[in-house]
2 protein chains.
Amino acid sequence: MAITVVGSVAFDSIETPAGRRERCLGGAATYFALAASYFTDVRVIAVVGEDFGAAEQAVFEKHGIDTRGIERAAGKSFFWEGSYLENLNEAKTHNTELNVFGAFEPKIPDAYRDSEFLFLANIDPVLQRRVREAMPGVKLVAGDTMNYWIKDHKAALLEVLRGLDILLINDTETKMLAGNNNLVKAANAVLAMGPRMLVVKHGEYGATAFFSERSFAKNGTGPSKVFLPFRAPALPLSEVVDPTGAGDSFAGGFFGYIASQKELTPATFKKAMFYGGVMGSFAVERFGTERLAQLDPQEIEERFALFRELSHLE
Amino acid sequence: MAITVVGSVAFDSIETPAGRRERCLGGAATYFALAASYFTDVRVIAVVGEDFGAAEQAVFEKHGIDTRGIERAAGKSFFWEGSYLENLNEAKTHNTELNVFGAFEPKIPDAYRDSEFLFLANIDPVLQRRVREAMPGVKLVAGDTMNYWIKDHKAALLEVLRGLDILLINDTETKMLAGNNNLVKAANAVLAMGPRMLVVKHGEYGATAFFSERSFAKNGTGPSKVFLPFRAPALPLSEVVDPTGAGDSFAGGFFGYIASQKELTPATFKKAMFYGGVMGSFAVERFGTERLAQLDPQEIEERFALFRELSHLE
């Protein structure tokens, strides 16, 4: 079933210990869409400038991603320049040019309106909310955010959270959002803000899913176990070429897998956590979207099996 | 089968956000021995002062721990005072008094010499090596160390590593020991120093086992899978009362389980990683050894099942 994703499509100049690339195709919606495209139909809402050409368009088309919602505006696309020279876990931003993204007004093509799944990538919560409200018929809504919105736009963000089923953020963002340094307490506080499921991404240590009382993930084995979290591993990697987009790729694998399943059972959400890790692990193997854009389904299944072997007894 | 452990038996004064305790029974060998005692016979080599009385002795005896190797010396026992007020992951040391531990000369009772398993807890590597060499007949030797020995006593430590089968340390120690900031590369470098298995403890994120070419953990499913690491979760806890001894309790659960098994297969080592996490999770629930000293086998099996449910698909 189709996912509509709203977020950035951008160009990134990236420097890591492995090298440097100028103006790679990037943006949260791009990473998300590519990762999810291996599992289900994906439709993108974004805005790009005149520098978004046939080569970039072709990356989406090759993966069957619907780009009718990518508006072409006069000017240049969102541009980000950053490096990870000292710490692969944290980008140092050198330059951000919003360009056409600064006046982004998401427009939802009619052809997208029957989407059953909606992903609100990391953008201004005012826009996230507008898209959410314009698509009241979706079955499941997931979203991302970041420290900037948590710190300075909390009221708008809290309104988005009330309309979210699943929130995906990292440890620091979870603790900041809840104002609590214990991850479990912080997660419960975030669940009380709206989402029925919170996925906390731990970078190289994997991710933990927390479920609320209103969760779709009740496992039915007894009241004491209803809220048991679920922890998925990350692949220990001897080289991370470029961490950019790892979180968005996690979200794409996670939500893409969910959208591909007929039934939303606890098993669905747990396997989705593994597929999130799988797609995140591919994303960082090369610069930008290079690796994500070149996968075949068998590689994905092989890596899923590796994640299982890495973490399962017997 | 019996484990001999050499290390500290001490008194700790501890302050955490949950409160303060004066002069709890502590020390790496104490935590290790208590955790391991739920799985197998444990024999302790340590030195204590005249302040180690009947109450402390009773804690060991209640768990069937052999204390004939705990030497009583004139003076006071090793004493440590620390707090975790700002960061539960890192102790702030306020006072360390080595006391009788400063002149510790491990003496191995004859009754310990048929031990098949040896654990070298975190002490001066010169002493670790001496005990290792005095027990040449053991089947498996595991050990711990810390940043202090890595930084300032590396030559002596490297000699210990050559005689170790399994080393258990944390992320920072692994990277420091190897001089490499990538965990996988650092782990491989540490394995080249001697151990056949390296267990890297990630605190609240669990632990990862890395296996060397000479590993006993070959899984026999093909050359490409021989060296696949194994990742065990930690329990997401809404309250950590006192983190002291978590790593030693992990080691006790881990090595105690291994010593309780007839065959050392890959499955044994993987399950041992889970039992390590289980015992670590109990240790932090109360101050000092309070919780570890009061477990029953059913609680341990229930928590093991919880760890499995927390991390396994289906």
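In this text the structure is predicted, and so the values were computed from the model without any measurement. (Residues numbered from 1 in each chain as written. Chains lettered and ligands numbered in written order. Predicted model: local features only at pLDDT ≥ 70, side-chain atom pairs only at ≥ 80, totals over all residues. Heavy atoms only, no water.)

1. What to know about the packing of aromatic side chains
Keep this limit in mind: In this analysis, rings of Phe, Tyr and Trp, with Trp reduced to its six-membered ring, are considered paired at centre separations within 6.5 Å, and the interplanar angle assigns stacked below 30 degrees, edge-to-face beyond 60, and tilted for intermediate values. A ring is scored as having a charge over it whenever the NZ atom of a lysine or the CZ atom of an arginine sits within 6 Å of its centre and within 35 degrees of its normal.
Applying the stated criterion across every chain yields a total of 29 aromatic pairs over all chains. Members of the aromatic cluster, connected to one another through ring pairs, are F39, F230, Y257, F274, Y275 and F304 of chain A. Over the aromatic face of F11 of chain A sits the side chain of R23 of chain A, whose NZ or CZ is 4.5 Å from the ring centroid. One residue, R303 of chain B, lies across the ring of F282 of chain B, its end atom 4.0 Å from the ring centre.

2. Some thoughts on helix α1 (residues 28-37) of chain B
Count 3.6 residues to each turn of an α-helix, and residues three or four apart come out pointing the same way. What counts is decided by this rule: The rule is simple: take the accessible area with a 1.4 Å probe, protein chains only, and divide by the maximum for that residue type; under 20% is buried, over 50% is exposed, in between is partly exposed. Segments assigned H or I by DSSP are reported as helices when at least four residues long, segments assigned E as strands when at least two residues long, and all are numbered from the N terminus.
With respect to burial, α1 of chain B is a largely interior element, ten of its ten residues being buried. Taken residue by residue, α1 of chain B has A28, A29, T30, Y31, F32, A33, L34, A35, A36 and S37 of chain B as its buried positions.

3. Side note on the relation of the copies chain B and chain A
Just so we agree on the cut-off: Here the copies were fitted onto each other by least squares, based on C-alpha atoms from residues at pLDDT of at least 70 in both.
With an axial shift of 0.0 Å and an RMSD of 0.0 Å, the rotation relating chain B to chain A amounts to 180°. When the rotation and shift are considered jointly, the pair of chain copies conforms to a two-fold rotation axis.

4. Let's talk about the confidence of the model for chain A
Residue and element names in this part refer to chain A. To keep it simple, the criterion reads: pLDDT measures the predictor's confidence residue by residue and takes values from 0 up to 100. In this analysis, two residues are considered to be in contact whenever any of their non-hydrogen atoms come within 4.5 Å of each other.
Taken residue by residue, chain A gives an average pLDDT of 94. The fraction at 70 or more is 96%. Taken as a whole, residues 217-226 scores under 50 in pLDDT and shows twelve contacts with residues more than four places along the chain or in a different chain. Model confidence for the complex: the whole-complex pTM is 0.94, and ipTM, which rates the interface, is 0.92.

5. Digging into the sheet that holds strand β1 (residues 3-6) of chain B
Picture the strands of a sheet paired through backbone hydrogen bonds; they go either parallel or antiparallel. All names here are of chain B. Condition: DSSP bridges decide pairing: two strands pair if at least two such bridges lie between them. Orientation is described by lines fitted to C-alpha atoms, with helices fitted over the stretch in contact, and by angles between N-to-C directions that extend from 0 to 180 degrees.
Spatially, the nine strands line up as an open sheet ordered β5-β4-β1-β8-β9-β10-β11-β12-β13, and their pairing is mixed. Of all strands in the sheet, those with a lone pairing partner are β5 (66-72) and β13 (230-232), marking the two edges. Put simply, the sheet's adjacent strands are angled 15° from each other on average, direction ignored. Bridge count for strand β11 (residues 197-201) against strand β12 (residues 207-211) is five bridges, and the pairing is antiparallel. Note on β12: the bridge partner recorded for V199 is A209. Where helix α3 (residues 125-134) meets the sheet, it contacts β1, β8 (117-120) and β9 (140-144), and its direction lies at approximately 170° from that of β8.

6. Re the pairing of strand β11 (residues 197-201) of chain A
All names here are of chain A. Most of β11 sits out of view: five of its five residues are buried. Side-chain alternation along β11 places M197, V199 and K201 on one buried face and L198 and V200 on a second face that is also buried. Pairing geometry for strand β10 (residues 166-170) and β11, over five bridges, is parallel. Considered in β11, the bridge of L167 is made with L198. Here β11 folds back onto strand β12 (residues 207-211), and the loop between the two strands holds five residues, one of which, G203, carries a positive phi near 65°.

7. Describing the environment of T30 of chain A
Tracing the sequence through the fold places T30 of chain A in helix α1 (residues 28-37). Sequence separation between T30 of chain A and T289 of chain A is 259 residues; the distance between their C-alpha atoms is 8.2 Å.

8. A closer look at the packing of helix α6 (residues 171-178) of chain A against helix α7 (residues 183-191) of chain A
Residues and elements named next belong to chain A. We count it as follows: By the definition used in this description, the sense in which the near helix is turned from the far one sets the handedness, with an anticlockwise turn below a right angle giving left-handed and a clockwise turn giving right-handed. Side-chain classes follow a simple rule in which Ala, Val, Leu, Ile, Met, Phe, Trp, Tyr, Cys and Pro form the nonpolar group, Asp, Glu, Lys and Arg form the charged group, and the remainder, Gly included, forms the polar group.
Where α6 meets α7, the closest approach of the two axes is 8 Å, and the angle between their N-to-C directions is 65°. Between α6 and α7 lies a crossing whose hand is left-handed. In this structure, α6 uses D171, T174, K175, L177 and A178 to contact α7, whose residues at the interface are L183, A186, A187, A189 and V190. Classifying every residue of the contact of α6 with α7 by side-chain character gives seven nonpolar, one polar and two charged.

9. Notes on the interface of chain B and chain A
Put simply, the rule is: Buried area is calculated as the accessible area (1.4 Å probe) missing from two parts once they are joined, with the contributions of both summed. The rule for a salt bridge is simple: a side-chain nitrogen of Lys or Arg has to be within 4 Å of a carboxyl oxygen of Asp or Glu. Under this definition, polar contacts are N or O atom pairs within 3.5 Å; protein pairs additionally need one hydrogen-donor-capable and one acceptor-capable atom, and for neighbouring residues in sequence, both atoms have to be side-chain atoms.
In this assembly, 37 residues from chain B lie in contact with 36 residues from chain A. When chain B packs against chain A, close to 3300 Å² is buried across both sides, 57% of that on carbon and sulfur atoms. Linking chain B with chain A are two salt bridges, by the criterion used here. Here R308 of chain A makes a salt bridge to E314 of chain B, at a shortest N to O gap of 2.5 Å. Taken together, the links from chain B to chain A amount to 16 residue pairs in polar contact (both at pLDDT 80 or more). The set of elements that each furnish at least two residues to the side of chain B that touches chain A consists of α6 (171-178), α7 (183-191), β12, β13, α9 (266-283) and α10 (297-311) of chain B. Of the residues forming the side of chain B that touches chain A, the biggest block, six residues, is contributed by α10 of chain B. Here the residues of the side of chain B that touches chain A are counted per class, giving 16 nonpolar, nine polar and twelve charged.

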